[in-house]
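Examination of the molecular architecture
Residue-level listing of the chains:
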Amino acid sequence: QVQLVESGGGVVQPGRSLRLSCAASGFIFSSHAMHWVRQAPGKGLEWVAIISHDAFNQYYADSVKGRFTISRDNSKNTLYLQMISLRVEDTAVFYCARGSGTWGFDQWGQGTLVTVSS
Amino acid sequence: DVVMTQSPLSLPVTLGQPASISCRSSQSLVYTDGNTYLSWFQQRPGQSPRRLIYKVSNRDSGVPDRFSGSGSGTDFTLKISRVEAEDVGVYYCMQDTHRPPTFGGGTKVEIK
């Protein structure tokens, strides 16, 4: 079955960097676009970024553009999110999700918590 | 960005009774291929979201048939025919017709 396992979350000071990973299994990773979606504590869902199946194209939410970079390694079935210049308002659970349809997604990981605090 | 507006914010329901959640988009969700990319997600307490419905009315594998989706254009509805205890959680609509994909604010379903 499809499994997406995020890692790399933790507590980081404002202005610092963090890299999240998402290990995929149970499907042909290289055939699917992949997303990051986040959820601030007690809040709703916010799409963050998408990368095409072949890594040629990436798109970002305005709130993270220029600070976050999505990438993937199809040989390792792994998705990444490099985050720099982190802000307090980036505090959230970050989920990776498998792409489906146009800009949508079907399967989600369990999430990894990023806390930005001094 | 397309704004998705859900109502109600909170929905107390008696076990075995029906429930209905509304979702409205700020512009039409009909894509150039003729499909309408509107999905519904369920997030149970302490869990990650799970997709229930895609393209307005298609149930994902394993989703009970008491869940149904309907609508067109800018107005959509998720219905639960008979609410069970395991249905407690927050429900989100999401459009992925337009970039970026956007979510409704969520509807919390709880048992009376």
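Residues numbered from 1 in each chain as written. Chains lettered and ligands numbered in written order. Predicted model: local features only at pLDDT ≥ 70, side-chain atom pairs only at ≥ 80, totals over all residues. Heavy atoms only, no water.

**A few points about the pairing of strand β9 (residues 92-100) of chain A**
All names here are of chain A. The condition that has to hold: Summary of the burial criterion: residues with accessible area below 20% of their type's maximum are buried, those above 50% are exposed, and those between are partly exposed, where the area comes from a 1.4 Å probe applied to protein chains only. Numbering of helices and strands starts at the N terminus; helices are DSSP runs of H or I of at least 4 residues and strands are runs of E of at least 2. The criterion for strand pairing is that DSSP finds at least two bridges linking the strands in question.
With seven of its nine residues buried, β9 lies for the most part within the structure. Pairing of strand β4 (residues 34-39) with β9, which is carried by six bridges, proceeds in the antiparallel orientation. Across the sheet, residue Met-34 finds its bridge partner in β9, namely Arg-98. Across three bridges, β9 lies against strand β11 (residues 112-116) in antiparallel orientation. Residue pairing in the sheet places Val-93 in a bridge with Leu-113 of β11. Inspection of the sheet shows β9 paired to strand β10 (residues 104-108) by three bridges, in the antiparallel sense. Within β10, the position partnered with Ala-97 by the bridge is Trp-108. Taking the residues between adjacent antiparallel strands as the criterion, β9 and β10 are bridged by three residues, where Gly-101 takes a positive phi near 75 degrees.

**Topic: the sheet that holds strand β8 (residues 78-83) of chain A**
Residue and element names in this part refer to chain A. Test applied: The angle between two axes is taken between their N-to-C directions and runs from 0 to 180 degrees, where each axis is a line fitted to C-alpha atoms and a helix contributes only its stretch in contact.
Within the open sheet, the four strands sit side by side as β1-β3-β8-β7. Their pairing is antiparallel. This sheet does not close on itself; its edge strands, each paired only once, are β1 (3-7) and β7 (68-73). Between one strand axis and the next, the sheet turns through 15 degrees on average, direction left out of account. Here strand β3 (residues 18-25) pairs with β8 via six bridges, running antiparallel.

Treat this as a map of the structure, not an account of what it does.
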